[in-house]
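Here is what each chain is made of, one letter per residue.
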Amino acid sequence: MSVERYDFIVIGAGVQGSFTAYQLATRNKKTLLLEQFSLPHTRGSSHGQTRMIRKAYEQDFYTKMMKECYELWAQLEREAGATLYRRTGLLVMGPESSQSYMGFKKSLEKNKSPMVVLTPENFNQHIPNVILADGDGAFVDTTAGVLYADRALKVVQDQFQKLGGVIKDQEKVTDIKPGPTVTVTASAGVYRAKGVVITAGPWAKTLLAHVGVQLPLQVVRINVCYWKEKIADTYHVKKRFPCFLLTEGDEAKHHIYGLPSNEYPGLMKICYHSGTETDPDQRDKLTDKSDIEILQRYIARHVPGLIPQPAVVESCMYTVTPDQHFVLDRHPAHANIVIGAGFSGHGFKFGPMVGKLLCELSLGEVPSYDLSPFRISRFQTNIKSSL
């Protein structure tokens, strides 16, 4: 089998890997992007028509990063001549006394990000057809909106190829051999490069085993649910209905989030930000619907314009870390292997920024942001001594 040589190899062509490859190509690095499935596909975490983009976060470091991230999304739109984002605003709701809700609010205030605070008295003037729970506060992150996910993924891959980047799909990686030159063996070829970036989503744990790293990554299956409007366009984006996020409530320990009806006519996307542990290769064998039951109760009580029975249920996967934060770091023993993992169901919006940071790590540069929240060392990580 012939050996192909590159400056860098990126393993995994989801949103994080695609943006990393694109960033490396903008630095004139000969880059290969490997993907185990035929592109495009619905097997990982980056597919689907829409994702939410927002600055509202409990953690200040995410809100800070999102400021530049919006600029990077806009830059890609200009480069490609494509619309990738629609501003809708994000309605954040939650118990006014809770740490989580106040964290979201304080982070926006601290970063002077535009927001509108709502009161129980004026809530329904601004947000009709939603019932605010007693004791809940509400505010709107006014710059938030919807990312067109499938379109964004295709656009960044196209831009990567225009810069001379190479994409090879249907290439499952079976081995990675560290060294001054890293050797990657895949189903149809052997590739060597000065550096490798692993952004394999739900398959990261398997690939990291090849380089002797064990991270506490858990893969969970998410039911992506769409709910039919009783009256057409009640929650439609053209009626200026916002995205929303409920930090917690009587029905839910985890976030409930929603996007206005748009991608499927007459259907609003509302999901539970938690799922059931799964093997990524056996995702569709799971039948747990406890999250759907939680959503049904919430919708019946608080979103009266929707039929509380999902009209469409699709599958997605999160790769979750114990603290819900990303892994963005170099291999502890091999600085020319960089790891991007554990995007925990909220990483898509950060794609351009993650790509920039993983590119900087790969090139040995000082990262644009403090990466201490994302370091491997925060875990009790096992590294095989043989490596």
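Here, every reference points to the structure presented above.
Given the structure is predicted, the values throughout are model-derived calculations rather than measurements.

Engineer: So what about the overall build of the protein chain? Which residues, and what values?
Structural biologist: Secondary structure summary: the protein chain contains eight helices and 22 strands in total. On C-alpha atoms alone, the protein chain measures out to a radius of gyration of 21 Å, which is about the 21 Å that the 2.2 N^0.38 rule sets for 387 residues. Within the protein chain, buried positions represent 57% of all 387 residues. Nonlocal contacts in the protein chain, meaning residues at least 24 apart in sequence, comprise 74% of its contacts between residues at least 6 apart. Of the roughly 16,400 Å² that the protein chain leaves accessible, carbon and sulfur atoms contribute 49%.

Engineer: I'd like a rundown of unusual backbone geometry, residues and numbers included.
Structural biologist: Cis rather than trans, the peptide bond between L39 and P40 has omega equal to -10°. Here P40 lies in the loop between β2 (31–34) and β3 (50–53). One non-glycine residue with positive phi stands out, namely K112, at about 55°. Within the secondary structure, K112 sits in the loop between α3 (99–110) and β6 (115–118). With a phi close to 55°, Q170 is a non-glycine residue in the positive phi region.

Engineer: Now, about the nonpolar core: what can you tell me, with residues and values included?
Structural biologist: Counting 69 residues, the largest nonpolar core has W73, L76, L90, F326, L328 and F350 as the members making the most contacts within it. Per-element accounting of this core gives the leading share, eight residues, to helix α2 (residues 60–80). When near neighbours in sequence (up to four residues on either side) are disregarded, L328 contacts I339, G340, F343, V354, L357, L358, L361, L371 and F374. Formed by 32 residues, the second largest nonpolar core is a distinct cluster that contains L32, V184, A200 and L217.

Engineer: Can you break down α2 residue by residue, with the values?
Structural biologist: In this model α2 runs 31 Å from its N-terminal to its C-terminal C-alpha over 21 residues, within 8% of the 30 Å that 1.5 Å per residue would give. Residues of α2 that are buried: D60, Y62, T63, M65, M66, E68, C69, Y70, L72, W73, L76 and E77. G81 sits one or two residues past α2 and shows a positive phi near 65°.

Engineer: Explain the packing of aromatic side chains residue by residue, including any values.
Structural biologist: Applying the stated rule across the entire model yields 19 aromatic pairs. Measuring from centroid to centroid gives 5.3 Å for F19 and W73, while their planes differ by 80°, and the two rings are edge-to-face. With F19 in helix α1 (residues 15–26) and W73 in helix α2, the pair connects residues that are 54 residues apart, well separated along the chain. Residue F19 shares its accessibility class with W73, and that shared class is buried.

Engineer: Tell me what's going on with the packing of α1 against helix α8 (residues 351–362), and back it up with residues and numbers.
Structural biologist: Any two packed helices are characterised by the angle at which their axes cross and by the distance between the axes. One can describe the packing of α1 onto α8 by two numbers: an axis separation of 7 Å at closest approach and a directional angle of 55°. In terms of orientation, α1 lies oblique with respect to α8. Along this stretch, α1 crosses α8, giving a crossing that reads as right-handed. Between α1 and α8, the residues in contact are V15, Q16, F19, T20, Q23 and L24 and G351, P352, V354, G355, K356, L358, C359 and S362, respectively. Here the residues of the contact of α1 with α8 are counted per class, giving seven nonpolar, six polar and one charged.

Engineer: Any chance you could break down the pattern of salt bridges for me, citing the residues and the numbers?
Structural biologist: This model, assessed by the stated rule, comprises 14 salt bridges. Across the pair R301 and E251 runs a salt bridge whose closest N-O atoms are separated by 3.0 Å. Taken as a pair, R301 in helix α7 (residues 290–302) and E251 in the loop between β15 (243–246) and β16 (256–259) lie far apart in primary sequence, 50 residues in all. Residue R301 is classed as partly exposed on the basis of its relative accessible area of 47%.

Engineer: So, the pairing of strand β17 (residues 267–272): which residues are in play, and what are the values?
Structural biologist: The element β17 is extensively covered by neighbouring structure, given that six of its six residues are classed as buried. Examined bridge by bridge, strand β14 (residues 218–229) and β17 share three bridges and lie antiparallel to one another. The residue bridging W227 from the neighbouring strand is M268, located in β17.

Engineer: Outline the sheet that holds strand β8 (residues 145–148), supporting the account with residue identities and numerical values.
Structural biologist: Spatially, three strands are ordered β3-β8-β4 in an open sheet, and the strand pairing comes out antiparallel. Looking at which strands have only one partner, the edges of the open sheet turn out to be β3 and β4 (85–87). With direction set aside, neighbouring strand axes in the sheet form an average angle of 25°. As judged from the four bridges shared by β3 and β8, these two strands associate in the antiparallel manner. Across the sheet, residue I53 finds its bridge partner in β8, namely G145. Contacting β3, β4 and β8, α2 crosses the sheet at an angle of about 135° to β3. Where helix α5 (residues 149–162) meets the sheet, its contacts fall on β3 and β8, and the angle it forms with β8 comes to roughly 50°.

Reading the values: the criteria
- Residues numbered from 1 in each chain as written.
- Predicted model: local features only at pLDDT ≥ 70, side-chain atom pairs only at ≥ 80, totals over all residues.
- Heavy atoms only, no water.
- Helix = DSSP H or I, 4+ residues; strand = E, 2+ residues; numbered from the N terminus.
- Rg over C-alpha atoms; globule rule 2.2 N^0.38 Å.
- Buried < 20%, exposed > 50% of the residue type's maximum accessible area, 1.4 Å probe, protein only.
- Contact = heavy atoms within 4.5 Å.
- Areas by Shrake-Rupley, 256 points an atom, 1.4 Å probe, with all protein chains shown as cover.
- Core = buried A, V, L, I, M, F, W, Y, C linked by side-chain atoms within 4.5 Å.
- Expected span 1.5 Å × (residues − 1).
- Phe/Tyr/Trp six-rings, centres within 6.5 Å; stacked < 30°, edge-to-face > 60°.
- Axes fitted to C-alpha atoms, helices over the stretch in contact; angles between N-to-C directions.
- Parallel < 35°, antiparallel > 145°, perpendicular 65-115°, else oblique.
- Left-handed = near helix turned anticlockwise from the far one by under 90°.
- Nonpolar A, V, L, I, M, F, W, Y, C, P; charged D, E, K, R; others polar.
- Salt bridge = Lys/Arg side-chain N within 4 Å of Asp/Glu carboxyl O.
- Pairing = 2+ DSSP bridges.

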